[in-house]
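Close look at the chain arrangement
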Amino acid sequence: MGNRILVVDDEKEIADVIELYLKNEGFEVEKFYTGKDALVSIEKAAPDMALLDVMLPEECGIEILQKLRKNPMTERVPVIMATAKTSEYDKINGLESGADDYIAKPFSMMEMVARVKALLRRSEFNSYQSDYTIDNLYVCPAKHIVKVDGKEVILTLKEFEMLCLLIKNKGIVLTRD
């Protein structure tokens, strides 16, 4: 696979185990224990994906995520938040801040690897899609843009994925699954 994954977790044991599992799957891993060190690495080269803890010293995971999303070079980098903060508010905050997925600690390493693979598949798939225009609806999967009558419509990731699925399968009845 060779995808470069940024792992940022202040708990060294967890970061080491995540690194081990991802490397066993063929991923290249850059591991950091502070948000500040991770940001220095990101400025040098954008990773293919980031796995961020929320509670980090110096710079929290949400702040790192927001900086990724504001930078045109990293705004499309898939991000999974991996954290012990499991309240509904924390999950919503992470997802609304731009995370693509949220996994609560403690988590199964096999589940984490599966989520990483799935997110990378989706992000690679989305980057090769063309734009769609149907009547007054415009959808750009590569840039996550939806416009109706020229006005931008903000959708969650899941809403956006469903819209793209429906557009691609225009005229076909789809099951709920």
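Scroll up to find the structure.
Figured I'd write up the structure that's included with this text. (Residues numbered from 1 in each chain as written. Predicted model: local features only at pLDDT ≥ 70, side-chain atom pairs only at ≥ 80, totals over all residues. Heavy atoms only, no water.)

What follows covers unusual backbone geometry. When glycine is set aside, most residues are seen to have a negative phi, and most peptide bonds are trans. A cis geometry characterises the amide bond from K105 onward to P106, with omega recorded as -5°. Topologically, P106 is positioned in the loop between β5 (101–104) and α5 (109–127). The backbone of E58 sits at a positive phi, close to 75°, despite the residue not being glycine. The residue E58 is located in the loop between β3 (49–52) and α3 (61–70) in this model. In the Ramachandran plot, D149 falls in the positive-phi region, its phi being about 55° despite a non-glycine side chain. In this structure, D149 sits in the loop between β8 (145–148) and β9 (151–152). (Helix = DSSP H or I, 4+ residues; strand = E, 2+ residues; numbered from the N terminus.)

Our focus in this paragraph is the pairing of β3. Taking every second residue as pointing to the same face, both faces of β3 are buried, with M49 and L51 on one and A50 and L52 on the other. Across 4 bridges, the pairing between strand β1 (residues 4–8) and β3 is parallel. Note that in β3 the partner of L6 across the bridge is A50. Chirality of the crossover, the property in question, places the unit of β3, α3 and strand β4 (residues 79–83) among those that are right-handed. (Buried < 20%, exposed > 50% of the residue type's maximum accessible area, 1.4 Å probe, protein only. Pairing = 2+ DSSP bridges. Right-handed = clockwise from strand over helix to strand, strands pointing away.)

So, on to the sheet that holds β5. Sheet strands pair via backbone hydrogen bonds, and the direction of the pair is either parallel or antiparallel. Pairing within the open sheet is parallel, and its 5 strands lie in the order β2-β1-β3-β4-β5. In this open sheet, the two edge strands, each paired with only one partner strand, are β2 (28–32) and β5. The average undirected angle you get between the axes of adjacent strands in this sheet is 20°. Contacting β1 and β2, helix α2 (residues 35–44) runs over the sheet at an angle of about 160° to β1. (Axes fitted to C-alpha atoms, helices over the stretch in contact; angles between N-to-C directions. Contact = heavy atoms within 4.5 Å.)

For the rest of this paragraph, the subject is the sheet that holds β9. Spatially, β6-β7-β8-β9 is the arrangement adopted by the 4 strands of the open sheet, whose pairing is antiparallel. Among the strands making up the open sheet, the edge pair consists of β6 (132–134) and β9. The pairing of β6 with strand β7 (residues 137–140) spans 3 bridges and is classified as antiparallel. Each bridged residue has a counterpart across the sheet, and for T133 the counterpart in β7 is Y138. Relative to the sheet, helix α6 (residues 157–168) contacts β6, β7 and β8, its axis offset from that of β7 by approximately 110°.

In short, shape yes, function no, at least from these values alone.
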